[in-house]
Amino acid sequence: MSEKGNKLVTVKTFVFSHEIGIAQSLLESEGIYCFVQDELTSQVHPFISTAIGGVKLQVMEDDVERAVRILKDGGFLQEEDLQPTKFETKLYRFFSKIPWLRNIYK
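Conventions we followed
- Residues numbered from 1 in each chain as written.
- Predicted model: local features only at pLDDT ≥ 70, side-chain atom pairs only at ≥ 80, totals over all residues.
- Heavy atoms only, no water.
- Buried < 20%, exposed > 50% of the residue type's maximum accessible area, 1.4 Å probe, protein only.
- Helix = DSSP H or I, 4+ residues; strand = E, 2+ residues; numbered from the N terminus.
- Pairing = 2+ DSSP bridges.
- 1 Å grid on protein atoms, 1.4 Å probe; cavity = no way out; pocket = protein on both sides within 12 Å on 5 of 7 lines; lining within 4 Å.
- Points joined across faces, edges and corners; volume = space filled by probe spheres on them.
- Nonpolar A, V, L, I, M, F, W, Y, C, P; charged D, E, K, R; others polar.
- Salt bridge = Lys/Arg side-chain N within 4 Å of Asp/Glu carboxyl O.
- Axes fitted to C-alpha atoms, helices over the stretch in contact; angles between N-to-C directions.
- Contact = heavy atoms within 4.5 Å.

Q: Could you clarify how one ought to interpret the pairing of strand E3 (residues 55-60) in this entry?
A: One face of the sheet, then the other: side chains in a regular strand alternate in exactly this way. When you tally the buried positions in E3, you get six out of six residues, the bulk of the element. Where strand E1 (residues 8-14) meets E3, six bridges bridge the pair, whose relative direction is antiparallel. Bridging across to E3, Leu8 finds its partner in Met60. For strand E2 (residues 34-37) and E3, the ladder comprises four bridges, and the chain directions are antiparallel. What sits directly across from Phe35, in E3, is Gln58.

Q: It is not clear to me how the layout of surface pockets should be interpreted in this structure. Could you clarify?
A: To find leftover empty space, a probe the size of one water molecule is rolled over the atoms. Estimates place the volume of the second largest pocket at around 220 Å³. In terms of lining residues, the second largest pocket is bounded by Lys7, Leu8, Val9, Thr10, Thr13, Gly53, Lys56 and Gln58. For the lining of the second largest pocket, the secondary-structure elements that each account for two or more residues are E1 and E3. Taken together, the residues of the lining of the second largest pocket break down into two nonpolar, four polar and two charged.

Q: Would you mind going over the pattern of salt bridges with me for this structure?
A: Side chains that differ in sign of charge can pair as their charged atoms come close. Counted according to the given criterion, the structure contains two salt bridges. Lys56 is the salt-bridge partner of Asp38, the closest N and O atoms lying 2.4 Å from each other. Taken together, the positions of Asp38 in the loop between E2 and helix H2 (39-44) and Lys56 in strand E3 put the pair 18 residues apart, joining distant regions of the chain. For Asp38, a relative accessible area of 24% gives the class partly exposed. Note that Lys72 is salt-bridged to Glu79, the shortest N-O span being 2.6 Å. Overall, Glu79 belongs to the partly exposed group, its relative accessible area being 44%.

Q: Is there a simple way to explain the sheet that holds E2 in this structure?
A: Within a sheet, each strand pairs with its neighbour through backbone hydrogen bonds, oriented either parallel or antiparallel. Taking strand neighbours across the sheet as the criterion, the three strands line up as E1-E3-E2 in an open arrangement whose pairing is antiparallel. Unpaired on one side and paired on the other, E1 and E2 mark the two borders of the sheet. Direction aside, neighbouring strands of the sheet carry axes that sit 30° apart on average. Packing against the sheet, helix H3 (residues 64-73) makes contact with E1 and E3, and its axis sits at approximately 20° to E1.

This is the structure in structure tokens:
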């Protein structure tokens, strides 16, 4: 695995932790290592799930393309889910002007 491939990347975000199980099982059945971030926080405090960005399904960076394809085929992702929102676009433009923030927001 390359050095680049050691980073975890979020491929799908869910509001509640119980929604993530089938998507995670689908990826793992295809041999893709998955990590679920913020699952326990969402279980303990379900009303703040959206405030922390939901429950994140993450895969290794080397597996992102394959995972996205599998999630699309399984009906968990739509093409519009992969496009940045207007807020994300504005945020990136702002961060890209400040050198130390540009390095954080890659």
